[in-house]
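Structure assessment
Chain by chain, the residues run as shown.
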Amino acid sequence: MKAVSLFSGAGGMDLGFINAGCKILAAYDNMQPMVDTYNKNIGGASRLDLSTCDFSTIAEKLGFGDSLDLLIGGPPCQGFTSAGTRFWDDPRNSLVRNYADALRHLCPRWFVMENVEGILTTAKGVYLYEAVKRMVELGYSVFIRKIYMQEYGVPQRRKRVIIVGNREGKPYHFPLPTTPASGQIYRDSAVTLRNAIEDLQDVEDVELDQVPQWETGIKLKRMEMLKPGQTMKDLPEALQHESFKRRAHRRVMDGTPSAKRGGAPSGLKRLVYDEPCLTITSAAPSEFVHPVRNRTLTVRECARIQTFPDDYKFHGTKRERILQIGNAVPPRFACILAESILKSDQEEPSLEPGLVYYDLSKASARSSSLARTERMLEQLKNTQLQLDI
Ligand SMILES: C[S@@+](CC[C@H](N)C(=O)[O-])C[C@H]1O[C@@H](n2cnc3c(N)ncnc32)[C@H](O)[C@@H]1O
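Fair warning: this is a prediction, and the values are worked out from it, not measured in the lab.

1. Looking at the pairing of strand E1 (residues 2-6)
Two faces belong to every sheet, and in a regular strand the side chains alternate between them. Here E1 lies mainly inside the structure; 4 of its 5 residues are buried. Direction of pairing for E1 relative to strand E2 (residues 23-29): parallel, over a ladder of 5 bridges. Bridge assignment links Ser5 to a residue of E2, and that residue is Ala27. Since E1 and E2 lie parallel, the crossover through helix H1 (residues 12-19) that links them has a hand, and here it is right-handed. Strand direction decides the pairing type here: E1 and strand E4 (residues 70-72), joined by 3 bridges, are parallel.

2. Side note on the site of the ligand
Contacts to the ligand come from 19 residues, most closely from Phe7, Gly9, Gly12, Asn30 and Ala328. Across the shell around the ligand, the residue classes break down as 9 nonpolar, 8 polar and 2 charged.

3. Structural notes on the sheet that holds strand E10 (residues 354-359)
Spatial strand order, E3-E2-E1-E4-E5-E7-E6-E10: 8 strands in an open sheet with mixed pairing. With partners counted over all chains shown, the strands left at the sheet margins are strand E3 (45-47) and E10, one partner each. For this sheet, the mean angle separating the axes of adjacent strands, direction not counted, is 15 degrees. Bridge analysis of E2 against E3 gives 3 bridges, and the strand direction is parallel. Counterpart to Ala27 in the pairing with E3 is Ala45. In this fold H1 packs onto E1, E2, E4 and strand E5 (110-116), with an angle of close to 175 degrees to the strand it touches most, E2.

4. A few points about the nonpolar core
Soluble globular proteins tend to bury their nonpolar side chains together. By size, the foremost hydrophobic cluster in this structure holds 93 residues, and its most contacted members are Leu70, Leu71, Val112, Val142, Cys302, Ile325 and Ala334. Taken together, domain 1 (2-181 + 330-381) and domain 2 (193-327) each give at least three residues to this core, which thus spans both.

5. Observations concerning unusual backbone geometry
Of note, the phi angle at Ala123 is positive, near 50 degrees, even though the residue is not glycine. With respect to the helices and strands, the residue Ala123 is situated in the loop between E5 and helix H6 (126-137). When the 18 C-beta atoms within 10 Å are taken as the criterion, Ala123 is described as partly exposed. Of note, the phi angle at Thr307 is positive, near 65 degrees, even though the residue is not glycine. Turning to its location among the elements, Thr307 is positioned in the loop between helix H11 (299-305) and helix H12 (318-327). Residue Thr307 is classed as buried on the basis of its C-beta count, with 25 C-beta atoms lying within 10 Å.

6. Observations regarding the environment of Tyr127
As for its position among the elements, Tyr127 is in helix H6. In this structure, the C-alpha to C-alpha distance between Tyr127 and Thr81, residues 46 residues apart in sequence, is 6.3 Å. In this structure, Tyr127 is in contact with Cys77, Thr81, Ile119 and Thr122, ignoring residues within four places of it in sequence.

7. Looking at the packing of H1 against helix H13 (residues 331-344)
One way to put it is that H1 packs onto H13 with a least axis distance of 7 Å and a crossing angle of 50 degrees. Considering the angle they form, H1 stands oblique to H13. Once H1 is placed against H13, the crossing between them reads as right-handed. Contact residues: Gly12, Met13, Leu15, Gly16, Phe17 and Asn19 in H1; Pro331, Arg332, Phe333, Ala334, Cys335, Leu337 and Ala338 in H13.

8. So, the packing of helix H3 (residues 55-62) against helix H5 (residues 94-106)
Think of two packed helices as two axes; the pair is described by the angle between the axes and how far apart they sit. As a packed pair, H3 and H5 sit with axes 9 Å apart at the nearest point and diverge in direction by 40 degrees. Between H3 and H5, the crossing angle belongs to the class labelled oblique. Note on packing geometry: the crossing formed by H3 with H5 is right-handed. Across the interface between the two elements, Phe55, Ser56 and Ala59 from H3 touch Asp101, Ala102, His105 and Leu106 from H5. When grouped by side-chain class, the residues that make up the contact of H3 with H5 number 4 nonpolar, 2 polar and 1 charged.

9. Looking at the confidence of the model for the protein
Residue-level pLDDT values for the protein average 88, and 87% of them are 70 or greater. Contacts from residues 256-265, a stretch scored under 50 in pLDDT, to residues over four places away or in other chains number 17 contacts.

10. As for the environment of Ser67
Looking at the secondary structure, you find Ser67 in the loop between H3 and E4. Along the backbone, Ser67 and Pro108 are 41 residues apart, and their C-alpha atoms lie at a distance of 7.3 Å.

11. Some thoughts on the environment of Ser5
With respect to the secondary-structure elements, Ser5 resides in strand E1. Distance in space between the C-alpha atoms of Ser5 and Leu71 is 5.9 Å, their sequence separation being 66 residues. Filtering out sequence-adjacent residues up to four positions away, Ser5 remains in contact with Asp14, Ile24, Ala27, Ile72 and Gly73.

Rules of the game
Residues numbered from 1 in each chain as written. Predicted model: local features only at pLDDT ≥ 70, side-chain atom pairs only at ≥ 80, totals over all residues. Buried ≥ 20, exposed ≤ 12 C-beta atoms within 10 Å, placed from the backbone. Helix = DSSP H or I, 4+ residues; strand = E, 2+ residues; numbered from the N terminus. Pairing = 2+ DSSP bridges. Right-handed = clockwise from strand over helix to strand, strands pointing away. Near = placed C-beta within 6 Å. Nonpolar A, V, L, I, M, F, W, Y, C, P; charged D, E, K, R; others polar. Axes fitted to C-alpha atoms, helices over the stretch in contact; angles between N-to-C directions. Contact = placed C-beta atoms within 7 Å. Core = buried A, V, L, I, M, F, W, Y, C linked by C-beta atoms within 7 Å. Domains from an automatic or database assignment. Parallel < 35°, antiparallel > 145°, perpendicular 65-115°, else oblique. Left-handed = near helix turned anticlockwise from the far one by under 90°. pLDDT = per-residue confidence, 0-100.

What follows is the structure in structure tokens.
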């Protein structure tokens, strides 16, 4: 399949699609370090602000007419909206508007959009509702699912929302989990942190940024006391960080200290070897303590947990590199996702444009905000929309 990639970042998603046999014709991101990383490892990325670009010109330049198979990458959900018709006029929603423009002008047969879990409830569900409604108006059959990455061989608890669309009426099936996981310890499973990084614990290699960051002073004292699974709140008060104490003791409306509600940032956490890692974000190298060493994770360890191969080089400052890694779709999951699209592409068309399927949580209980979004999607599913194609 020939694909175009938007918001391509370091290329985690793209690497998975390439490994599954797709060819990326062009990739775009507006940050230079991301583009540098992409070009050093994959090639073909350009720096472009997708909130102001003209997709008809891009479509003309790329010159594939209506033969583009796939568009990958989603607009970062910035959490802005205003309801109803004003939604599309509001400049703060420009990234999703531009994504819709991309669909209209590039006309891919398939699209795959990845986003954070927050997209499900942002602006009371209006953001997701409006985006999906537009996809349907543009002629797509749409499928939405919250994915738990640890169920697909990724050694990390990471939840993301995947939206897939097809404009030929082909039914799509999300990939079945390869590693059933239920939140317990997976001692013999391939998705543990131990299996991902144990061999790196004493490696010193400046080039690969694997030099362990050994700690000193109070930070070392804190780490020495933390047992696997413990966080800043388990330390004696004298060792807790000032800002943590302030936040932990702040009381919220119902009188429960926010740390007890799981709300306050825990500052430092010692990871557990025989479980999937916690979600890698750009804060990981400052907050996640190695399971058996008194140091935080290195950039390369974070890359391993995100399933990047060891020869994948990240460009930019340490901050920029960890941002790229934390933002990425794990290539291992992306490859499984790509394979599911390739498989569904063999199916016979049988669907009308519309919201066909959504599964927003595998938990049986629903928060009231998620339940509200589901009601909106159910309504959308049952509505016959005027097509705009
Ligand atoms: C979640 S990351 C993408 C990660 C990527 N899919 C991967 O797997 O590595 C979102 C990307 O969108 C880019 N971005 C944000 N606003 C943008 C804009 N206006 N134009 C182009 N790219 C933008 C960011 O620089 C970031 O790299």
